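Secondary and tertiary structure notes
Residues per chain are reported as follows:
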Amino acid sequence: MVAMQAQEYAMSKWAIGLRLNNVTDADVEKAFNDGQILRTHLLRPTWHFATPEDIRWLLELTAPRIRKAMAYYERELELDSKLFNKCNDIIGKALTGGHHLTRLELSDLFQNNGISLNGRQMGHVMMNAEMDCLVCSGRREGKQFTYALFDERASTAISIAKDEALLLLAERYFTSRGPATLKDFSVWSGLTITDAKKAGAMLDSKVFTKEVFDGNEYLLKGKH
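Residues numbered from 1 in each chain as written. Predicted model: local features only at pLDDT ≥ 70, side-chain atom pairs only at ≥ 80, totals over all residues. Heavy atoms only, no water.

**Examining the layout of surface pockets**
- Put simply, the largest pocket is a space of about 300 Å³.
- If you trace the largest pocket, you find 14 residues lining it, with M1, M4, I16, I37 and T51 closest to the centre.
- Of the residues in the lining of the largest pocket, the class split is nine nonpolar, two polar and three charged. (1 Å grid on protein atoms, 1.4 Å probe; cavity = no way out; pocket = protein on both sides within 12 Å on 5 of 7 lines; lining within 4 Å. Points joined across faces, edges and corners; volume = space filled by probe spheres on them. Nonpolar A, V, L, I, M, F, W, Y, C, P; charged D, E, K, R; others polar.)

**Side note on a nonpolar patch on the surface**
- Taken together, the side chains of M11, W14 and L18 make up a nonpolar region of the molecular surface, amounting to roughly 410 Å² of accessible area.
- Here M11 lies in helix α1 (residues 9–17). (Patch = residues over 30% accessible without salt bridge, like charges linked within 9 Å, V, L, I, M, F, W, Y side chains within 5 Å. Areas by Shrake-Rupley, 256 points an atom, 1.4 Å probe, with all protein chains shown as cover. Salt bridge = Lys/Arg side-chain N within 4 Å of Asp/Glu carboxyl O. Helix = DSSP H or I, 4+ residues; strand = E, 2+ residues; numbered from the N terminus.)

**Focus on the packing of helix α4 (residues 81–95) against helix α6 (residues 119–131)**
- Contact geometry of α4 with α6 gives a least axis separation of 10 Å together with a crossing angle of 75°. Judged by the inter-axis angle, α4 sits roughly perpendicular to α6. Along its contact with α4, which presents F84, C87, N88 and I91, the element α6 presents H124, V125, M126, N128 and A129.
- Considered class by class, the residues forming the contact of α4 with α6 number six nonpolar, three polar and no charged. (Axes fitted to C-alpha atoms, helices over the stretch in contact; angles between N-to-C directions. Parallel < 35°, antiparallel > 145°, perpendicular 65-115°, else oblique. Contact = heavy atoms within 4.5 Å.)

**Some words on the nonpolar core**
- The biggest cluster of nonpolar side chains holds 37 residues, and the ones touching the most others in it are I55, L58, F150, L169, F174 and F185.
- Examining the composition of this core, we find that eight residues originate from one element, helix α3 (residues 55–76), more than from any other.
- Dropping the residues within four chain positions of it, I55 is found in contact with L38, T40, L42, A50, C136, F150, A154 and A157.
- By size, the runner-up hydrophobic cluster in this structure holds 23 residues, among which are L77, I90, L106 and A129. (Core = buried A, V, L, I, M, F, W, Y, C linked by side-chain atoms within 4.5 Å. Buried < 20%, exposed > 50% of the residue type's maximum accessible area, 1.4 Å probe, protein only.)

**Quick look at the pairing of strand β2 (residues 38–42)**
- For β2, the buried fraction is high: five of the five residues fall into the buried class.
- Burial along β2 is two-sided: L38, T40 and L42 and R39 and H41, pointing in opposite directions, are all buried.
- One ladder, built from five bridges, connects β2 with strand β3 (residues 46–50); its direction is antiparallel. Considered in β3, the bridge of H41 is made with W47.
- Hairpin geometry of β2 and β3 is characterised by an intervening segment of three residues between the two adjacent antiparallel strands and by a positive phi of about 60° at L43. (Pairing = 2+ DSSP bridges.)

**Quick notes on the side chain of R153**
- Assignment of secondary structure puts R153 in helix α7 (residues 150–153).
- Although R153 is buried, it forms no salt bridge, and the closest oppositely charged side chain is D34 at an N-O distance of 6.7 Å.
- There is a polar contact of 2.8 Å between the side chain of R153 and the backbone oxygen of N33.
- Non-local contacts of R153, meaning those with residues more than four positions away in its chain, are made with F32, N33, D34, G35, L38, P52, H100, C136, S137, G138, R139 and A148. (Lys, Arg positive; Asp, Glu negative; His and termini not counted. Polar contact = N/O pair within 3.5 Å; in protein donor to acceptor, adjacent residues only side chain to side chain.)

Written as structure tokens, this is what we have:
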């Protein structure tokens, strides 16, 4: 699935469980707390589940588009790179060594360091830290979500070149969600239609076939 939307946490756990045999809610919760499943902002963006192996290249591929979308709101909220860097420094020091902290705990740390942020500002500061591959999800503390240091939580994460990432994302998308159009892929991924078409052109035609239905061209894996 490469990435699964996880905005509503309880429902997104069901999305995983329904695709597996003999798996309980407790099994999925344990996998999340153990870091086998990570949660961060990806793609469009919204919260998504991803594996530690995939999370870095997914972020690096989609973060530039996310940053462009965030830029207007950051100006409105009077947030800039100087503030982000200062907050990142505080976050990095606080989480190093396996510490997992809630958003409220991090907000208190900022306050103690002379940085007062409202809820919207805090959300953007933390999303920026996610885009920087500084933080991702940590284990839950009761019903509260925490942040953990990205490099400690996703030590197996890899970086790959953009074209390779585009192709890999397209392969995984059309394998798990096809038949679908390139426009479907663009909307789901948050990538430009230009990048979506580029990814589609790189797909192996012996593996992924094209079918026209009602005037739209669909890609799917294998022949049907």
